[in-house]
Amino acid sequence: MPAQRVIIIGGGLAGFTAARELRTRGFAGELTIIDPQGLPYDRPPLSKQYLLGTYDQEKILLAPESWYQDNAVEVLVAEVTDLDPESGTVTTDSGEQRTADAIVLATGGAARRLPVPGGDLDSVLTLRTREDADILRSRIEAGTRVAIIGAGLIGAEVASSLKSLGAEVTLIDPLDPPLEPAVGPEIARHLHDMHAKHGVRAVTGVSAQIEAEGSVHRIRLQDGQSIEADVVLVGIGIIPETGLAERAGLLVDNGILVDHAQRTSHRRVFAIGDCSRTRNEDGTYQRRAEHWEHAMNTGMTVASVIQEVEAPQHGAPWFWSDRYGVHVEGVGSMSAEGKTVLRQVEGKPSVALRVSEEGLLLGCAVIDDSYSVRAARRIIDRRIPMTVEQLEDPEVPLKKLARQRG
Amino acid sequence: MSEPITVGSIDDIEEGEAQVVEAEQTGTGEAIAVFHAEDGNFYALDDNCTHETASLGDGWVEGTEVECPVHSAKFCLLSGEALCMPATIAARTHKVEVVDDQVLLYPGMGAAG
């Protein structure tokens with residue numbers, strides 16, 4: 001019999017999607033989301049529109065408050081401190097206890113701190129929550145010197161946003177260019193070069209130490225360079241939030257281990273989104289995914305599994321990022337075994353395609369080319385074979401290639 | 001609004017494509033995208049995605065759904081229903097008729113009406 005009561009711990013995109021999809025799939029039982037931050041909100045705008053002030057708190061909510069009443073979803077503002085899988089009991093920081101037939105862990109992750117002297121200073125900021133964005137925003141004025149350590153997606157997005165707020169931004173990363181595995185070297189190069197063109201100083205180096213004297217910070221790099229800043233932000237990924245799962249005795253290894261149905265090592269408990277990591281049937285582990293789409297997809301899957309209906313098939317993983325007014329998207333893998341084919345627009349790489357020796361598309365990264373990445377996703381998922389000549393020819397729209405049913 | 005707008009002939013919009021009728025013309029205050037879906041029929045939704053600013057007319061049409069070109073929210077062309085995140089709000093539908101191979105749009109009149 002399907003579950004009658006479901007508790008979702010964590011109200012990020014994964015937790016919210018699970019709740020929404022349970023209702024969509026006809027779940028009529030009790031449904032509670034527990035999160036100390038209250039109503040679920042979307043994180044991508046935190047480094048962009050929310051940081052810039054063009055979106056307010058209400059605008060970034062995943063659904064308006066009325067949605068929760070209309071769909072009978074309770075949002076309990078609390079931190080879950082304990083979970084007993086056997087009895088299905090969760091205990092909150094106020095001592096309140098709830099029981100459920102199915103418990104979904106959607107606890108997300110915490111921003112990773114820099115493991116160097118000074119990396120643990122309170123004044124060294126990270127960006128993960130709405131509150132983090134509020135703190136960062138409150139420290140920025142025209143001319144504020146900001147050093148961002150980590151030039152991946154979030155670091156680059158924040159650099160672009162803060163530059164437009166008038167800050168003097170220095171972006172530090174050990175790699176030049178970063179993001180090669182995600183978008184391939186050609187597009188990575190082009191994207192990283194955009195920083196200098198927009199007045200953001202990009203520095204290549206390994207941060208070795210952060211010192212603070214009053215409100216001034218000094219970042220010392222391994223090669224001897226030093227960078228002074230009023231505000232330091234670190235964007236080097238996340239650590240999955242697995243503490244509750246570990247205390248509950250669930251299997252954890254850099255993420256709460258789950259099968260393809262998002263089941264943890266206890267039948268009553270599921271884990272989804274950033275905190276989860278998939279263990280394949282043969283015992284190997286997948287790399288933990290931290291992208292937005294993965295959170296949504298796993299939320300959809302767990303809703304289907306709990307409701308005992310057919311789970312959706314998910315395609316090649318997809319992500320997006322925005323900087324300096326351009327929209328970057330990637331699908332599949334740009335680092336898989338194969339060769340890269342480029343399509344250029346006005347001499348700039350706009351589409352990069354990763355193709356296997358057998359002529360199967362493995363990955364695609366684009367700058368401002370929505371159609372190509374959506375076409376590529378379908379070509380990858382349907383395993384439509386094609387030639388390098390077809391892919392290279394900008395006169396052959398990828399959309400046309402995708403429409404040949406495989 | 002009972003007077004339809006002639007969007008064009010059925011051959012003007014290829015299957016899987018859309019044409020946007022600008023707000024000045026629709027009279028509803030919003031641009032409307034008219035889609036030629038893969039079921040062969042024509043449908044219309046408000047052009048702007050209900051999630052963030054983006055033209056659904058630039059989206060990817062598959063079957064009777066359209067996928068937003070920016071964040072991949074999907075909408076049902078028949079009902080306007082938001083089928084997946086990041087959209088939670090349905091897109092407004094408008095009635096479309098094909099008469100003598102001409103595609104006629106009734107702005108402000110729901111598809112079901």
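Anything mentioned here points back to the structure above.
Computed from a predicted model, the values in this text were never measured in an experiment.

What counts and how
Residues numbered from 1 in each chain as written. Chains lettered and ligands numbered in written order. Predicted model: local features only at pLDDT ≥ 70, side-chain atom pairs only at ≥ 80, totals over all residues. Heavy atoms only, no water. Contact = heavy atoms within 4.5 Å. Buried area = accessible area lost by both parts, 1.4 Å probe. Salt bridge = Lys/Arg side-chain N within 4 Å of Asp/Glu carboxyl O. Polar contact = N/O pair within 3.5 Å; in protein donor to acceptor, adjacent residues only side chain to side chain. Helix = DSSP H or I, 4+ residues; strand = E, 2+ residues; numbered from the N terminus. Nonpolar A, V, L, I, M, F, W, Y, C, P; charged D, E, K, R; others polar. Pairing = 2+ DSSP bridges. Axes fitted to C-alpha atoms, helices over the stretch in contact; angles between N-to-C directions. Core = buried A, V, L, I, M, F, W, Y, C linked by side-chain atoms within 4.5 Å. Buried < 20%, exposed > 50% of the residue type's maximum accessible area, 1.4 Å probe, protein only.

Another point: the interface of chain B and chain A. Taken together, the 23 residues of chain B in the interface contact 28 residues of chain A. Of the roughly 2,100 Å² buried at the junction of chain B and chain A (both faces included), carbon and sulfur atoms supply 46%. Counting the contacts that link chain B with chain A gives six salt bridges. Among the salt bridges present, the one from Arg-378 of chain A reaches Glu-62 of chain B, with a minimum N-O distance of 2.4 Å. Joining chain B to chain A, the criterion identifies 17 residue pairs in polar contact (both at pLDDT 80 or more). Ranked by the residues each element gives to the side of chain B that touches chain A, the list is headed by strand 5 (residues 60–62) of chain B, at three residues. Counted by class, the side of chain B that touches chain A contains eleven nonpolar, six polar and six charged residues.

Moving on, we come to the sheet that holds strand 24 (residues 348–355) of chain A. Within a sheet, adjacent strands bond to each other through the backbone by hydrogen bonds, running parallel or antiparallel. Residues and elements named next belong to chain A. Taken in spatial order, the five strands line up as 21-22-25-24-23 in an open sheet, and their pairing is antiparallel. Each of the sheet's edge strands pairs with one partner strand only, and the pair in question is strand 21 (318–323) and strand 23 (339–345). For this sheet the average axis-to-axis angle between neighbouring strands, irrespective of direction, equals 15 degrees. Sheet topology places strand 22 (residues 326–332) next to strand 25 (residues 361–367); five bridges connect them, and they run antiparallel. Looking at the pairing, Glu-329 lines up with Val-366 of strand 25. Along the sheet, helix 7 (residues 185–197) makes contact with strand 21, strand 22, strand 23, strand 24 and strand 25, crossing strand 24 at roughly 150 degrees.

Another aspect to go through is the nonpolar core. If you look at the biggest cluster of nonpolar residues, it comprises 56 residues, and the most contacted ones within it are Val-6, Ile-8, Ile-306 and Leu-391 of chain A. Residues Leu-51, Val-158, Ala-159 and Leu-162 of chain A belong to the second largest nonpolar core, which totals 37 residues.

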